[in-house]
Amino acid sequence: MARTLTIALVAGACGALAGCGPSPNVVAANASVGEVAAKVAEAAGRGAFVSPGHWQSTVHFEKVEVPGMPPELAARLNQGMARARRAESCLTAEQAKKPAGDFFNSQLAKNCAYEHFSMANGVIDAAMTCINAATRQSVVMKGAYGPDTYRVTMDSQVTRTDGGPLGTMLMAMTIDARRTGPCSGKEKG
């Protein structure tokens, strides 16, 4: 669940922020994932929300802590996570008109809610909690965005609620992305 949610949020941040200009703005509090999705869709319909083109993104994992993990395994995990993950994608003009559809997938809609979500004046600030039968995950995203670049930090805390052997796992990452020009046709996305 933790990895799935983190990947979904990264994909959502990438999709929602890829080239966002300082307006339109989206602000919500104590909102369901569906309510935030509707606000994002409404805002996207009011103006240039995402710049189409070729995008390069890099994900840096700064910290992964799993309680009870043997030190040698924790060291290998953090060493492996320390390598930057790079991706390239093409955002078409049609996709730019409907940003971040996969950000608000049905799994998140059922299990997650935002304490707050704000994308305004070049700043994103969001906090989400997801609860399922075995875990409670809290995710905080903060960052800055502009028409051709963004940088978002994400801190995630996953706590076992079913009495399982692991306590609270912590993960911190940074996502950097920039638009590099028109699509080349060689991108995977």
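Residues numbered from 1 in each chain as written. Predicted model: local features only at pLDDT ≥ 70, side-chain atom pairs only at ≥ 80, totals over all residues. Heavy atoms only, no water.

Colleague: Can you explain the overall build of the protein chain? Please cite residues and give values.
Modeller: Assigned secondary structure in the protein chain consists of five helices and eight strands. Going residue by residue from the N terminus, the α and β elements of the protein chain occur as α-β-α-β-α-β-α-α-β-β-β-β-β. Taking all 189 residues of the protein chain together, 42% fall into the buried category. For the protein chain, contacts bridging at least 24 residues in sequence account for 66% of all contacts bridging at least 6. (Helix = DSSP H or I, 4+ residues; strand = E, 2+ residues; numbered from the N terminus. Buried < 20%, exposed > 50% of the residue type's maximum accessible area, 1.4 Å probe, protein only. Contact = heavy atoms within 4.5 Å.)

Colleague: Pulling in residues and values, what's your account of the state of the cysteines?
Modeller: Applying the stated criterion across every chain yields a total of two disulfides. Disulfide partner of Cys 90: Cys 183, at an S-S distance of 1.9 Å. Residues Cys 90 and Cys 183 are joined through a disulfide that is right-handed, its torsion about the S-S bond being 95 degrees. On the criterion of sequence distance, the pair formed by Cys 90 in strand E3 (residues 85–91) and Cys 183 in the segment after strand E8 (168–181) is long-range, its members being 93 residues apart. Note on Cys 90: relative accessible area 14%, which makes it buried. By relative accessible area, which is 32% here, Cys 183 ends up partly exposed. In the protein chain, the cysteines engaged in disulfides, taken in order along the sequence, are linked 1-4, 2-3. (Disulfide = S-S within 2.5 Å.)

Colleague: Hey, could you go over the side chain of Thr 174 for me, with residue numbers and the actual values?
Modeller: For Thr 174, the position within the fold is in strand E8. Overall, Thr 174 belongs to the buried group, its relative accessible area being 4%.

Colleague: Please provide a residue-by-residue account of the packing of aromatic side chains, values included.
Modeller: This structure, assessed with the given rule, holds two aromatic pairs. Geometrically, the ring pair formed by Tyr 114 and Phe 117 is edge-to-face, given 5.1 Å between the ring centres and 75 degrees between the ring planes. According to the relative accessible area criterion, Phe 117 is buried, its value standing at 1%. (Phe/Tyr/Trp six-rings, centres within 6.5 Å; stacked < 30°, edge-to-face > 60°.)

Colleague: Pulling in residues and values, what's your account of the sheet that holds E8?
Modeller: Taken in spatial order, the eight strands make up an open sheet running E1-E4-E5-E6-E7-E8-E2-E3, and their pairing is antiparallel. Each edge of the sheet is formed by a strand with only one pairing partner; in this case those strands are strand E1 (26–32) and E3. Within the sheet, the average angular offset between the axes of one strand and its neighbour, ignoring direction, is 15 degrees. (Pairing = 2+ DSSP bridges. Axes fitted to C-alpha atoms, helices over the stretch in contact; angles between N-to-C directions.)

Colleague: So what about the pairing of strand E7 (residues 149–160)? Which residues, and what values?
Modeller: Consecutive residues of a regular strand have side chains that alternate between opposite faces of the sheet. Pairing of strand E6 (residues 135–145) with E7 involves eleven bridges; the strand directions are antiparallel. By the bridge assignment, Ser 138 is partnered in E7 with Gln 157. Between E6 and E7, which pair antiparallel and follow one another directly, the connecting turn spans three residues. Summarising the sheet, E7 and E8 pair through eleven bridges and their orientation is antiparallel. In the sheet register, Tyr 150 faces E8, and the bridge partner there is Ala 177.

Colleague: Tell me about the nonpolar core, and name the residues and values.
Modeller: With 33 residues, the main nonpolar core has Val 36, Tyr 114, Phe 117, Met 141, Tyr 150 and Met 154 as its most contacted residues. Broken down by secondary-structure element, the contributors of at least two residues to this core are E1, helix H2 (33–46), strand E2 (53–65), strand E4 (112–120), strand E5 (123–131), E6, E7 and E8. (Core = buried A, V, L, I, M, F, W, Y, C linked by side-chain atoms within 4.5 Å.)

Colleague: Requested: an account of unusual backbone geometry, with residues and values cited.
Modeller: One non-glycine residue, Asn 30, adopts positive backbone phi at about 45 degrees. For Asn 30, the location among the structural elements is in strand E1. Positioned with a positive phi, Asn 121 is a non-glycine residue whose angle comes to about 50 degrees. Residue placement: Asn 121 occurs in the loop between E4 and E5. The class of Asn 121 is exposed, set by a relative accessible area of 62%.

Colleague: Describe the confidence of the model for the protein chain, with residues and values.
Modeller: When pLDDT is averaged across the protein chain, the result is 77; 74% of the residues are at 70 or more. pLDDT under 50 marks residues 1–22. Its contacts with residues more than four places away, or in other chains, come to 78 contacts. Contacts from residues 101–106, a stretch scored under 50 in pLDDT, to residues over four places away or in other chains number 15 contacts. (pLDDT = per-residue confidence, 0-100.)

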